[in-house]
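As a plain string of letters, each chain reads:
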Amino acid sequence: MADLIEFLPLTRSGRLAGRGVDFTAIDVKSTGLRSGRIVELGAVRVRGDGAVLGELATLIDPGRSLPASWSGPHRITAGDLVGAPSFADVLGPLLDLCRGAVVVAHDLPLVQGFLAEEVARVGVRLPALPGVSTAIAAQEALRLPNYRLATIARALGIRDFPPHLASASARACAQVVTALVGTHGLRFAAPPRYPELPRYAPGGRILRRPDVEVAERGWMSGVVDRVVTSPSTADSAGAAYLDLLAEAVADEYLSGEEVWALAGLAAEAGLPEPDVRHLHAEFVSALRAVAEADGVVTADEDRALRQVAAALDVPNVVADLRPTTTDRKATRVLVLGTTAEADQLRARVLDEGVQLAKKLTATVTHLAYDASVPPTEPRLTRAADLGADVVDVATAPVALGFDLPPASPSPTYELPAPPPARYEPVPDWPVEEATAAAPPQPTQQFAPVPAHSAPKSAGRLPAVVGGRAMMAVGLLLMLITVISLFGGLALGGGFFFGVLGVGLLVGGWYVSETGRAPAAG
C-alpha cells in the first residue's frame, strides 16, 4: 500500500519558514494498537500563527459488529458508536480540512497507517499529502526524557488536555506544531507540495463526544512525564502499548476496565502475556525510580505507586518501598513565560527528573520567569512570600544545581610603569676619517682579558719574597760573626763573614725593592 502521507522534516536549518503555512492536525482512536479500525477522528486546521480555521471531531462506526460489552482504552464503548457515521461519510469533510495544508500528527506513521487502511476500504486512491510528525520535530527543539504528546505540551507551556479525546489531542498537536515553527523557528527544507484532492459530499451526521473539563493533574502525571523512554523504539507495538498505559496512569484513574481493555489490545497486537507483564514491571520500576530520584517519597506518593502496581499485577516491584521521614521538600519548579528560553527551561527541568509545577502553591521551591513576564506579575511577589527562590530563566540552571556557576576571572595585578629612561648627551668627539676598507668598530669600555691569563702582578711576588729572604740571611750571618769574634774567632775569618753578611743584606734589599715597584704600578 502506497503511503498516504509524505513525511516532511522540520529543522532549524530549513529554508522556508512555517509561519505562513496552514496545518491540519489529526488524531485517531482505534480498536487496536497498530492495526484495527478507527472509532474516533479529530482534525483541526490552523494557520502557522496559531489561528484556528476549522475543526472536525466525531465518533466513527468501525463497520463491524462489536460485542455489546466492548470497551476501548479511550473510554469508548460499543454503545457510544451507535448512530455514528462511517469513515466514508466523513472523508469529504476531512479532505476539505487537508486541502492546501500540511498534515500534522504526533505519531505520523501510526495515523498514516490507520487512515490509509480506511481509505483503501472506501475504495478511493488519494495522492500523497505532505505531513509532519510532532514527535520527531520536537526533538529538534527540545531535549526531553520522552516525547509523548503530553510531555511536549507541558514543556511548551500548553494547557493540560484529556488525551483520551481525539479532538483534544488534535488541538494539542496543532498547538505544538505552531509553537515549534513560531517560537522555536523550525523551518521546512523546501516548500510543501499540495496535491489536488477530490471532493466528496458528507454523509451521515457528526457524532461528537462532549468535551470534558480537565481535572487538575496530580503528582502521578508529573512522574509519567519524567519517565525516560527511547525514541528509537517508538514504532513498536510495545511502545504503543506503553503510551496508552501512560495516558491511563497519568490521568490519576486506572480502573480495572482500562486494564482489561489494554490487555485485549496487547493480545490483538500479538504481545504474549509474559511480555505484557514484563512491560508492566518495567513501567512501574521506571515510575518508582523517578519518584525516588529527589530523595523524598511521601505517604501519598507511596500509596499512589502501590495502587498502580497492584492494578497492573506487579506489586512486588514496590514491595520494599517506604516513605521517607525527612522534612525536606522536594524541588518543584514553576516556570512563567512564553519565550523559547522558558520552554527550554521547562524541558530541562523535566529532563533532569525534577518536578515541574503548573501553578503556584506552597510546595513550589523555585519560580523562574522570562522577559515576557511583567515585573508587576503578582506571582513573583507571592512566590517570594512563600519562601520560593525567584530567579530569571537565564540564571535558573545554576540556582537549581543543573549547571556549575561560572568561574570567577583570575585577579589581575598592574605593575607600576618603569620610570622613563634618562639619556645623557654624548659629547661630539672628533672622529678621524676612516678608510673605506675598514668599517667602524664598536667602542669597548673594558679591554678584554685573554682566557686563562694571570694578572701581571703575580709574576713579581717571588722576587719580593726572595729579596727579603736574602736580607734575613745576611742579618743572621752578621749576628753570628759578631758573636764569634767575641768568642775568639780570627779577625780575618770574622772580616770575611761580615762582608758576606752585609752583601746579602744589601743585595736582598735591592731585589725586594726592584720586585715591589712594578707590582705597585
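Refer to the preceding data block for the structure.
Positions within a chain are numbered from 1, following the residues in the order the chain's sequence is written. Since the coordinates come from a predicted model, pLDDT governs what is reported: local features require at least 70, and pairs of side-chain atoms require 80 or more to be given and counted, while whole-chain, interface and lining totals use all residues. With hydrogens and water excluded, all non-hydrogen atoms of the structure serve as input to the side-chain values.

1. Re the packing of aromatic side chains
- Geometry of aromatic contacts follows a simple scheme: Phe, Tyr and Trp rings, the Trp one being its six-membered ring, pair when their centres are within 6.5 Å, and the pair is stacked under 30 degrees between planes, edge-to-face over 60, tilted otherwise. For the structure shown, the criterion picks out 1 aromatic pair.
- Aromatic side chains F23 and F188 sit 6.2 Å apart centroid to centroid with 20° between the ring planes, which places their arrangement in the stacked category. Taken together, the positions of F23 in strand β4 (residues 23-30) and F188 in strand β9 (residues 187-188) put the pair 165 residues apart, joining distant regions of the chain.
- Accessibility here uses a 1.4 Å probe with only protein chains present; expressed as a share of the type maximum, an area under 20% marks a residue as buried, one over 50% as exposed, and anything in between as partly exposed. Judged by its relative accessible area of 1%, F23 is buried. Numbered from the N terminus, helices here are DSSP runs of H or I no shorter than four residues, and strands are runs of E no shorter than two.

2. Considerations on the sheet that holds strand β10 (residues 332-336)
- Only strands joined by at least two bridges in the DSSP assignment are considered to pair. In spatial order, the strands read β11-β10-β12-β13; together these 4 strands make up an open sheet with parallel pairing. For this open sheet the edge positions go to β11 (355-356) and β13 (389-392), each flanked by a neighbour on one side alone.
- Sheet analysis places β10 next to strand β12 (residues 366-369), joined by 4 bridges and oriented parallel. Bridged to V333 within β12 is H366.
- Pairs of residues are marked as contacts when any of their non-hydrogen atoms sit within 4.5 Å. Axes here mean lines fitted to C-alpha atoms, for a helix over just the part in contact, with angles spanning 0 to 180 degrees between N-to-C directions. Contacts between helix α11 (residues 340-351) and the sheet are confined to β10, β11 and β12, with β10 contributing the most and set at about 165° to the helix.

3. Re the layout of surface pockets
- Buriedness for pockets is judged along seven lines, at least five of which must meet protein on both sides within 12 Å for an open set on the 1 Å grid over protein atoms alone, while cavities are sets there where a 1.4 Å probe fits but cannot get out, and lining residues have an atom within 4 Å of a point. Grid points are joined across faces, edges and corners, and a volume is the space filled by probe spheres set on the points. Each pocket or cavity is described by its volume, and for the second largest pocket that value is around 890 Å³.
- Lining the second largest pocket are 37 residues; nearest its centre among them are I158, R159, A357, K358 and K359.
- Where the lining of the second largest pocket is concerned, the elements lending two or more residues are α5 (166-182), α6 (219-225), β10, α11 and β11.
- The element that contributes the greatest number of residues to the lining of the second largest pocket is β10, accounting for 4 residues.
- For this classification, Asp, Glu, Lys and Arg are treated as charged, while Ala, Val, Leu, Ile, Met, Phe, Trp, Tyr, Cys and Pro are nonpolar and the rest, including Gly, are polar. The residue inventory of the lining of the second largest pocket, partitioned by class, reads 12 nonpolar, 11 polar and 14 charged.

4. Remarks on helix α1 (residues 87-98)
- For α1, which comprises 12 residues, the first-to-last C-alpha distance of 15 Å matches the rise-based estimate of 16 Å (1.5 Å per residue) to within 8%.
- Listing the buried residues of α1 in full gives F87, V90, L91, G92, L94, L95, L97 and C98.
- Contact partners of the buried residues in α1: β4, β5 (38-46), β6 (52-59), β7 (102-105), α2 (108-122) and β8 (129-133).
- Just past α1, the residue G100 takes up positive phi, approximately 75°. Expected helix span is computed as 1.5 Å times (number of residues minus one).

5. Re the pairing of β5
- Of all 9 residues that make up β5, 9 are buried, and the element is covered over most of its length.
- Relative to β5, β4 runs antiparallel, the two being bridged by 8 bridges. Residue pairing across strands places I26 opposite A43, the latter belonging to β5.
- Two elements, β5 and β6, share 7 bridges in a ladder whose sense is antiparallel. Bridging from a neighbouring strand, E40 pairs with L59 of β6.
- Remark: 5 residues form the turn of the hairpin made by β5 and β6, two consecutive strands paired antiparallel; G50 in that turn has positive phi of roughly 100°.

6. Here we look at the packing of helix α7 (residues 237-250) against helix α9 (residues 273-293)
- Their axes nearest at 11 Å, the elements α7 and α9 cross at an angle of 50°. Here α7 lies oblique to α9, going by the angle between them. Once α7 is placed against α9, the crossing between them reads as right-handed. Of the residues in α9, those in contact with G238, Y241, L242, L245, A246 and V249 of α7 are V276, L279, H280, F283 and L287. Note on angle classes: values under 35 degrees are labelled roughly parallel, values over 145 roughly antiparallel, values of 65 to 115 roughly perpendicular, and the remainder oblique. Here is the rule for handedness: rotate from the far helix to the near one, and if that takes an anticlockwise turn smaller than a right angle the crossing is left-handed, while a clockwise turn gives right-handed.

7. Section: the nonpolar core
- The definition of a nonpolar core used throughout is a set of buried Ala, Val, Leu, Ile, Met, Phe, Trp, Tyr and Cys residues joined through side-chain atoms within 4.5 Å. With 52 residues, the main nonpolar core has L10, F23, V132, L144, F188 and V349 as its most contacted residues.
- Elements with a minimum of two residues in this core: β4, β5, β7, α3 (134-141), α4 (149-155), α5, β10 and α11.
- With 10 residues, the single largest contributor to this core is α5.
- The contacts of V349, once residues within four sequence positions are left out, are V333, V354, Q355, L356, L400 and F402.
- By size, the runner-up hydrophobic cluster in this structure holds 35 residues, among which are L33, Y241, V276 and A304.

8. So, unusual backbone geometry
- Of note, the phi angle at R75 is positive, near 65°, even though the residue is not glycine.
- Topologically, R75 is positioned in the loop between β6 and α1.
- The phi angle at D313 is positive, at roughly 65°, despite the residue not being glycine.
- Summarising the element assignment, D313 is placed in the loop between α10 (299-311) and β10.
- D313 gets classed as partly exposed once you look at its relative accessible area, which sits at 43%.

9. Details of the pattern of salt bridges
- Criterion for a salt bridge: a side-chain nitrogen of Lys or Arg within 4 Å of a carboxyl oxygen of Asp or Glu. Tallied over the entire structure, the rule returns 29 salt bridges.
- The residue R277 makes a salt bridge to D313 at a minimum N-O spacing of 2.9 Å. Taken together, the residues span a long stretch of sequence, with R277 in helix α9 and D313 in the loop between α10 and β10 at a distance of 36 residues.
- Accessibility expressed as a relative area gives 40% for R277, which makes it partly exposed.
- When salt bridges with common partners are traced through the structure, they connect R37, E117, E118 and R121 into a single cluster.

10. Overview of the sheet that holds β8
- The 6 strands lie next to each other as β1-β8-β7-β4-β5-β6, forming an open sheet whose pairing is mixed. For this open sheet the edge positions go to β1 (5-7) and β6, each flanked by a neighbour on one side alone. For this sheet, the mean angle separating the axes of adjacent strands, direction not counted, is 30°.
- Strand direction decides the pairing type here: β7 and β8, joined by 3 bridges, are parallel. Bridge pairing in β8 places V103 opposite G131.
- Where α3 meets the sheet, its contacts fall on β1, β7 and β8, and the angle it forms with β8 comes to roughly 55°.

11. Some thoughts on the packing of α9 against α10
- Their axes nearest at 10 Å, the elements α9 and α10 cross at an angle of 175°. Viewed along their axes, α9 and α10 adopt a mutual orientation that is roughly antiparallel. Contacts between α9 and α10 pair V284, L287, R288 and A291 from the former with L305, V308 and A309 from the latter.
- Taken together, the residues that form the contact of α9 with α10 break down as 6 nonpolar, no polar and 1 charged.

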